[in-house]
Amino acid sequence: MVTTTDTPAPHTPATEKLPNSPFHLLGGHPVVQAIVDRFYDLMDSDPAYAELRAMHAPDLTKMRSALAQFLAGWSGGPRDWFEANPGRCMMSVHKPYTITREAAGQWAEAMKRAIADVAPANADLGRQMGEILSEMAVGMGQPPQ
Ligand code: HEM
């Protein structure tokens, strides 16, 4: 008897593995990288995000690549970040930082703005991603001690 499985071969490109993933439907790497670059450009230039900016290293080059890779895997695309960081998750990545409600709000706001500015062709999906990421960020903010 021949059995079939939906499990993809391990090394096929992610767009072939999950052609309907949010990553693919949003436009893949060029769009995700453009959103991340816009996010860090805003964070770097708009004083409204000063608290969030101050938490990051002066050079954002590593983060531009890390966040884009993270979001690719998170949205169903290539899982390079997760494979390069076995066992790491949102909680462990951010453990060293005290994230205030203000900083969390700044992250959420800058990400929604970045998505709106990049304006992915699939506008509804872009908006939904912005909402979900924003909720994740706000959920990471801590009340003042
Ligand atoms: C709630 C507000 C947030 C704050 C204040 C925050 C802050 C930070 C800081 C300070 C770093 C280290 C940056 C550096 O090394 O220069 C970092 C790393 C990172 N953050 Fe956040 N973050 C927030 C939310 C998020 C969210 C919502 C995501 C994902 C959806 C995310 C994904 C990441 C990733 C992937 C890294 C890099 C991990 C690595 O490869 O080293 N962050 N974050």
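Please refer to the structure higher up on the page.
Predicted, not measured: the structure shown is a model, and the values here were computed from it.

Cut-offs applied
Residues numbered from 1 in each chain as written. Predicted model: local features only at pLDDT ≥ 70, side-chain atom pairs only at ≥ 80, totals over all residues. Heavy atoms only, no water. Near = heavy atom within 4 Å. Polar contact = N/O pair within 3.5 Å; in protein donor to acceptor, adjacent residues only side chain to side chain. Helix = DSSP H or I, 4+ residues; strand = E, 2+ residues; numbered from the N terminus. Nonpolar A, V, L, I, M, F, W, Y, C, P; charged D, E, K, R; others polar. Salt bridge = Lys/Arg side-chain N within 4 Å of Asp/Glu carboxyl O. Buried < 20%, exposed > 50% of the residue type's maximum accessible area, 1.4 Å probe, protein only. Core = buried A, V, L, I, M, F, W, Y, C linked by side-chain atoms within 4.5 Å. Contact = heavy atoms within 4.5 Å. Phe/Tyr/Trp six-rings, centres within 6.5 Å; stacked < 30°, edge-to-face > 60°.

> Break down the site of the ligand for me, citing the residues and quoting the values.
In the vicinity of the ligand lie 23 residues, with Ala 57, Trp 81, Met 90, His 94 and Tyr 97 positioned nearest. His 94 places a polar side-chain atom, nitrogen or oxygen, 2.8 Å from a nitrogen atom of the ligand. For the shell around the ligand, the secondary structure elements donating two or more residues are helix H4 (50-55), helix H5 (61-74), helix H7 (90-94), helix H8 (101-118) and helix H9 (123-140). The element contributing the most residues to the shell around the ligand is H5, with six residues. Of the residues contributing to the shell around the ligand, the split by class is 19 nonpolar, two polar and two charged.

> I'd love a proper account of the pattern of salt bridges, names of residues and values included.
Across all of its chains, the model carries six salt bridges by this definition. Between Arg 64 and Asp 37 there is a salt bridge whose closest N-O contact spans 3.2 Å. Of this pair, Arg 64 sits in helix H5 while Asp 37 sits in helix H3 (residues 28-45), and the two are 27 residues apart along the sequence. The partly exposed category is assigned to Asp 37, whose relative accessible area is 24%. Its salt-bridge partner being Arg 113, residue Asp 46 comes within 2.9 Å of it at the nearest N-O pair. Here Arg 113 lies in helix H8 and Asp 46 lies in the loop between H3 and H4, a separation of 67 residues in the sequence. Its relative accessible area of 22% is what places Asp 46 among the partly exposed residues.

> Could you give an account of the nonpolar core, with specific residues and numbers?
Phe 39, Leu 67, Leu 71, Trp 107 and Met 111 are the most contacted members of the largest nonpolar core, which has 30 residues in total. Counting residues per element, this core draws most heavily on H3, at eight residues. Setting aside chain neighbours within four positions, we find Met 111 in contact with Ile 35, Phe 39, Leu 67, Leu 71 and Leu 133.

> Explain the packing of aromatic side chains residue by residue, including any values.
As enumerated under the stated definition, the model contains five aromatic pairs in all. Relative to Tyr 40, the ring of Phe 39 lies with its centre 4.9 Å away and its plane at 75 degrees, an arrangement referred to as edge-to-face. Like Tyr 40, Phe 39 is buried. Where Phe 70 meets Trp 81, the ring centres are 5.1 Å apart and the plane angle is 75 degrees; that geometry is what we call edge-to-face. Of this pair, Phe 70 sits in helix H5 while Trp 81 sits in helix H6 (residues 80-84); the two residues are 11 residues apart in sequence, bridging distant segments of the chain. Among the aromatic residues, ring-to-ring pairing joins Phe 39, Tyr 40 and Trp 107 into one connected group.

Taken by themselves, the reported measurements are silent on function.
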